[in-house]
Every structure is written in C-alpha cells, then in structure tokens.
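Each chain, written out:
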Amino acid sequence: MGCDEPAPDPTVRIGSSVEPLRHGEIDEGSTVWITYGLQGGYHIWGSLQAQHIDPDDVRMQFDLFTDGEQIGGADYRDDLRRGPDGPYEYGGVTVFIYDDVAVDGLDGRTVEMTLRLTDGAGRLAEDRIAVRARCCE
C-alpha cells in the first residue's frame, strides 16, 4: 500500500465462541445456546473476527434483540489478537440477557445479535446476524 492510498475500511464478523480470544463461525439462522452463568444470569456467547482495524483498546458493543425489542447486551474494551488465519479475533464474550427477560420464552425464537466495533482512532465496523436461541445450557 502506497503512502497516498487510504487504508481499507475496517470490517467485522460476529460469531459465537466460548474459547477466549477465538472466533467461532456462525451463519444466519444458526442455533446458539442460552447459557446459565456462574453469577446467576443468562447469556449468549459472542465472538468476532475483524480486519483493517487498530487492535489496541477496541470497544466492542454487542446487543441482542427479539422482535425489535432489546433483550440484552455487553460493552467491553480490550485488545484484539491475530487469529491463526490472519484477521484479528476475540471470543468468549458473555452477551448478557437482561434479568427481567424470561429466557425460557426465548427457546426457538429468532434473536438478532448486533456489534459495533470501534478502535482507538474512532474507526467503526458493524455487523448483525439473526440466530435461533435454544434454552438453556
């Protein structure tokens, strides 16, 4: 890339992984498990894979929706690391379901997971995916 060429736009892809710092591929309509956490709440595991982004001090804003209503989310800051295939990866993100949401009522329903990824320079990448929730692990 020459000095006068603009940097490519950052990209991000949502996934689901319990493995810290690793992305887990999921496709539109994939099944994801609602998991009971150690502190008594429920969550869906999130992950991401990103390219063309400064990997230091990245803000990751995940949100969960059903029928347009927000039912959960997570907001983290951390550094991303290179994955084995080249792009940056991050996994093991607990995307919390709000305490007032009846998780058994989510079983088999479509949940939309969204992600806003912002690096230290303010560059933004976004993604969304609709998955099928299964209750409960």
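Anything mentioned here points back to the structure above.
A brief look at the structure comes next. (Residues numbered from 1 in each chain as written. Predicted model: local features only at pLDDT ≥ 70, side-chain atom pairs only at ≥ 80, totals over all residues. Heavy atoms only, no water.)

Concerning the nonpolar core
Move 1: Core analysis: the biggest nonpolar cluster contains 32 residues, and Leu48, Met60, Phe62 and Leu80 have the highest contact counts within it.
Move 2: If you list the elements that add at least two residues to this core, you get β1 (11-15), β2 (31-36), β3 (42-51), β4 (58-66), β5 (69-78), β7 (88-97), β8 (110-118) and β9 (124-135).
Move 3: Looking at this core element by element, the count peaks at five residues for β7.
Move 4: Excluding residues that lie within four positions of it along the chain, leucine 80 makes contacts with Leu48, Ala50, Ile53, Pro55, Val58, Met60, Tyr88, Glu89 and Tyr90. (Core = buried A, V, L, I, M, F, W, Y, C linked by side-chain atoms within 4.5 Å. Buried < 20%, exposed > 50% of the residue type's maximum accessible area, 1.4 Å probe, protein only. Helix = DSSP H or I, 4+ residues; strand = E, 2+ residues; numbered from the N terminus. Contact = heavy atoms within 4.5 Å.)

A word on the pattern of salt bridges
Move 1: On inspection of all chains with the given rule, the structure shows ten salt bridges.
Move 2: Between aspartate 67 and arginine 109 there is a salt bridge whose closest N-O contact spans 2.5 Å. Placement of the pair is aspartate 67 in the loop between β4 and β5 and arginine 109 in the loop between β7 and β8, with a sequence separation of 42 residues.
Move 3: Owing to a relative accessible area of 74%, aspartate 67 belongs among the exposed residues under this scheme.
Move 4: The closest approach of N and O atoms between arginine 128 and glutamate 112, which form a salt bridge, is 2.6 Å. With arginine 128 in strand β9 and glutamate 112 in strand β8, this pair connects stretches of sequence that are 16 residues apart.
Move 5: Linked through salt bridges whose partners overlap, the residues forming this network are Arg13, Glu25 and Asp27. (Salt bridge = Lys/Arg side-chain N within 4 Å of Asp/Glu carboxyl O.)

Structural notes on unusual backbone geometry
Where the residue is not glycine, phi is negative for most of them; where a peptide bond is considered, it is trans in most cases.
Move 1: Cysteine 136 follows cysteine 135 through a cis peptide bond whose omega is -15°.
Move 2: By secondary structure assignment, the location of cysteine 136 is in the segment after β9.
Move 3: Of note, the phi angle at aspartate 57 is positive, near 55°, even though the residue is not glycine.
Move 4: Classification of aspartate 57 as partly exposed rests on a relative accessible area of 39%.

Comments concerning the packing of aromatic side chains
Move 1: Throughout the structure, instances matching the rule amount to one aromatic pair.
Move 2: One cation-aromatic arrangement involves arginine 82 over tyrosine 88; the distance from NZ or CZ to the ring centre is 4.1 Å. (Phe/Tyr/Trp six-rings, centres within 6.5 Å; stacked < 30°, edge-to-face > 60°. Lys NZ or Arg CZ within 6 Å of the ring centre and 35° of its normal.)

Considerations on the side chain of glutamine 49
Move 1: Structurally, glutamine 49 is set in strand β3.
Move 2: Among residues more than four places away in sequence, those in contact with glutamine 49 are Thr11, Val12, Arg13, His23, Glu25, Pro87, Tyr88 and Glu89.

A closer look at the side chain of histidine 23
Move 1: Following the sequence through the fold, histidine 23 ends up in the loop between β1 and β2.
Move 2: Separated by 3.1 Å, the side chains of histidine 23 and serine 47 make a polar contact.
Move 3: If we skip the residues at most four places from it in the chain, histidine 23 touches Arg13, Ile14, Gly15, Ser17, Ser47, Leu48, Gln49, Glu89 and Tyr90. (Polar contact = N/O pair within 3.5 Å; in protein donor to acceptor, adjacent residues only side chain to side chain.)

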